[in-house]
Amino acid sequence: MLILAPMQGLTEVMFRRAYNAVFPGALDLAVSPFLSLTHGDLRHALEKVDDVLPERNVGAMPVVPQLLGREPEEFVALANRLYELGYGEVNWNVGCPMRRVAAKHRGSGLLPHPEEMRAVLDAVVPQLKPRLSVKVRLGYTNPREIFAVVPVLNDYPIASVTVHPRTGRQQYGGVPDLATFAEVLPLIHSRVIYNGDIVTAADYRALRSRFPQVEDVMIGRGVLYNPLLPCEIKGEETAPRRAADFLRMLLAAILERPVTDEAKVRKIKEYWCLSYRSLHLTESRRNEVLHAATLPATVAALERLLEEYA
Ligand SMILES: Cc1cc2nc3c(=O)[nH]c(=O)nc-3n(C[C@H](O)[C@H](O)[C@H](O)COP(=O)(O)O)c2cc1C
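Everything numeric here is computed off the predicted structure, so don't read it as measured data.

Participant: What is the right way to look at the pattern of salt bridges in this model?
Facilitator: Here the structure, examined in full by the defined rule, presents 20 salt bridges. D50 is the partner of R56 in a salt bridge, and the nearest nitrogen-oxygen pair spans 3.9 Å. By relative accessible area, R56 is classed as partly exposed at 37%. For D50, a relative accessible area of 38% puts it in the partly exposed group. In this structure, R131 engages E89 in a salt bridge whose closest nitrogen and oxygen atoms are separated by 3.6 Å. Placement of R131 in strand β7 (residues 131-139) and of E89 in strand β6 (residues 89-94) is noted, with a sequence separation of 42 residues between them.

Structure representation (structure tokens):
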């Protein structure tokens, strides 16, 4: 199974719908960008719950909502509300590397404190209606922290554990620590999903041949750099025209958003910077879009380029 990684600001429902419209079934599942829990207040999380409302996700690949936080009462309340909306699973983010998050023992900041993690699970699991899956890194400061975390996870009915083999401190630097991943893999009782730095079909094949027991792979940046990557992995058609169709659809969705023209221009350019290489374009052609100043000029430049692939 190929799973779209949660990426705050990038893989929200607008992206997931456009993607699945052009590449139906290429990505089997997505995990949503996190909904953040705040103590005593569900409002913050509910503001973003829009992203996973079933009616807004029609046409998108199936999605598992992700929660970030450690407040049992709010966790259960939100997860059970999501269950009522039809979600049979929620994912717990224990990997977020942001310093201000980790400093509060949230996200990857919980990994050095397995007993605190156990306390959250003890309070949450018995009351939870949906299944629970977890997304982790190897640790916050030290990749060995995972070895104290796994016995805790093994004590609960966890549907799957997605492992991004870096520490929180590393953010996205260096390379995934596959040696430690190999050591920890046989210790995890739940289904393991691999995540990290799969940006080519060759990366995918190398990972699968080194870890044949890992059948499910989550891909984030690789899909943004090259929307055709999942098709390449699955042996489906990879003509650049399909990437252009996707970008055209994403553009239309961005233009429909109720935000300022400046925000639309920023979003168009953000996706464009990540994905222009999938159209085999040079940097100077990329700049035709980046150097446009206004929304109409940006849209015109992008449409002109995409038309070449019609
Ligand atoms: C801009 C950005 C936003 C992200 N947002 C989330 C998030 O909301 N939840 C989460 O679990 N991981 C988040 N991640 C981490 C990704 O899901 C993934 O673990 C990471 O990018 C490594 O996978 P990749 O190499 O395939 O991109 C984010 C990463 C980036 C770069």
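Participant: Is there a simple way to explain the environment of A201 in this structure?
Facilitator: Note on placement: A201 falls in helix α8 (residues 201-210). For the pair formed by A201 and L229, sequence separation is 28 residues and the distance between their alpha carbons is 6.6 Å. A201 has contacts with L229, E232 and I233, leaving out every residue within four places of it along the chain.

Participant: Help me understand unusual backbone geometry, please; the structure alone is not making it clear to me.
Facilitator: The phi torsion of most residues other than glycine is negative, and most of the peptide bonds are trans. Located in the positive-phi region is H105, a residue other than glycine, with phi close to 55°. Locating H105 in the fold gives a position in the loop between α4 (99-102) and α5 (114-124). Overall, the relative accessible area of 23% leaves H105 in the partly exposed class.

Participant: Sorry if this is basic, but what is going on with the sheet that holds strand β2 (residues 29-31) here?
Facilitator: Whether parallel or antiparallel, the strands of a sheet pair through hydrogen bonds between backbone atoms. Strand order across the open sheet formed by ten strands is β3-β5-β6-β7-β8-β9-β10-β1-β2-β4, with parallel pairing between neighbours. At either margin of the open sheet sits one strand with a lone partner, and together these are β3 (35-36) and β4 (63-64). Examined bridge by bridge, strand β8 (residues 158-167) and strand β9 (residues 191-195) share four bridges and lie parallel to one another. Bridging across to β9, T162 finds its partner in I193. Strands in contact with helix α6 (residues 146-153) are β7 and β8; relative to β7, the strand with the most contacts, it is inclined by about 170°.

Participant: So what exactly am I meant to see when it comes to the nonpolar core here?
Facilitator: In globular proteins that are soluble, nonpolar side chains generally tend to be buried together. Core analysis: the largest hydrophobic core is formed by 94 residues, its most contacted members being F75 and W92. A total of eight residues in this core trace back to one element, the largest contributor, which is helix α11 (residues 240-255). Here this core spans two domains, since at least three of its residues come from each of domain 1 (2-234) and domain 2 (240-307). Discounting residues that sit within four places of it in the chain, F75 has contacts with L37, L67, V90, W92, V124, L128 and L132.

Participant: I would appreciate a short explanation of empty space enclosed by the protein in the present structure.
Facilitator: To find leftover empty space, a probe the size of one water molecule is rolled over the atoms. Taken as a whole, this structure holds one cavity of 30 Å³ or more when the rule is applied. Estimates place the volume of the largest cavity at around 70 Å³. Along the walls of the largest cavity sit L247, L250, L251, I254, I268, Y271, W272, S275 and L302, which together make up its complete lining. Among the secondary structure elements, those contributing two or more residues to the lining of the largest cavity are α11 and α12 (261-275). Partitioned by chemical class, the residues of the lining of the largest cavity number eight nonpolar, one polar and no charged.

Participant: Would you mind showing me how to read the domain arrangement of the protein here?
Facilitator: For interface size, the figure often reported is the accessible area lost on association. Here the domain parsing of the protein yields domain 1 (2-234) and domain 2 (240-307). Between the C-alpha centres of domain 1 and domain 2 there is a distance of 28 Å. Listed per partner, the contact involves 15 residues of domain 1 and 16 residues of domain 2. Overall, the association of domain 1 and domain 2 removes approximately 1400 Å² of surface from exposure, summing both partners, and the carbon and sulfur fraction of that is 76%. Inspection of the region where domain 1 meets domain 2 yields zero salt bridges. At the junction of domain 1 and domain 2, the tally comes to three residue pairs in polar contact (both at pLDDT 80 or more). Elements with a minimum of two residues in the side of domain 1 that touches domain 2: α1 (13-22) and α9 (221-225). No other element matches α1, which puts six residues into the side of domain 1 that touches domain 2. Split into classes, the residues belonging to the side of domain 1 that touches domain 2 amount to 13 nonpolar, two polar and no charged.

Thresholds, definitions, all that
- Along every chain, residues carry numbers that run from 1 in the direction the sequence is written.
- Totals for whole chains, interfaces and linings use every residue, but because this is a predicted model, local features are given only for residues with pLDDT of at least 70 and side-chain atom pairs only at 80 or more, for both listing and counting.
- Side-chain measures were taken over the full set of non-hydrogen atoms in the model, leaving aside hydrogen atoms and water.
- For this analysis, a salt bridge means a side-chain nitrogen from Lys or Arg found within 4 Å of a carboxyl oxygen belonging to Asp or Glu.
- Only protein chains enter the calculation, and the probe is 1.4 Å; a residue is then buried if its accessible area is under 20% of its type maximum, exposed if over 50%, and partly exposed in between.
- Counting from the N terminus, the helices are the DSSP runs of H or I reaching at least four residues and the strands are the DSSP runs of E reaching at least two.
- Every residue pair with non-hydrogen atoms within 4.5 Å of one another is taken to be in contact.
- Two strands form a pair only when DSSP identifies at least two bridges running between them.
- In this analysis an axis means a line fitted to C-alpha atoms, helices contributing only their contacting stretch, and an angle means the value between N-to-C directions, from 0 to 180 degrees.
- Joining through side-chain atoms within 4.5 Å is the link that ties buried Ala, Val, Leu, Ile, Met, Phe, Trp, Tyr and Cys residues into a set, and such a set is a nonpolar core.
- In this entry, domain limits derive from an automatic or database-based domain assignment.
- Cavities and pockets were defined on a 1 Å grid built from protein atoms only: a cavity is a group of points that admits a 1.4 Å probe but offers it no way out, a pocket is an open group of points flanked by protein on both sides within 12 Å along at least five of seven lines, and a lining residue is one with an atom within 4 Å of any such point.
- Grid points are joined across faces, edges and corners, and a volume is the space filled by probe spheres set on the points.
- Residue polarity is assigned by list, with Asp, Glu, Lys and Arg as charged and Ala, Val, Leu, Ile, Met, Phe, Trp, Tyr, Cys and Pro as nonpolar; anything else, Gly included, falls into the polar class.
- Defined in terms of a 1.4 Å probe, buried area is the accessible area two parts forfeit on being brought together, summed over both.
- We define a polar contact as two N or O atoms separated by no more than 3.5 Å, with the added condition that, inside protein, one atom must be a possible hydrogen donor and the other a possible acceptor, whereas residues neighbouring each other in sequence contribute only through side-chain atom pairs.

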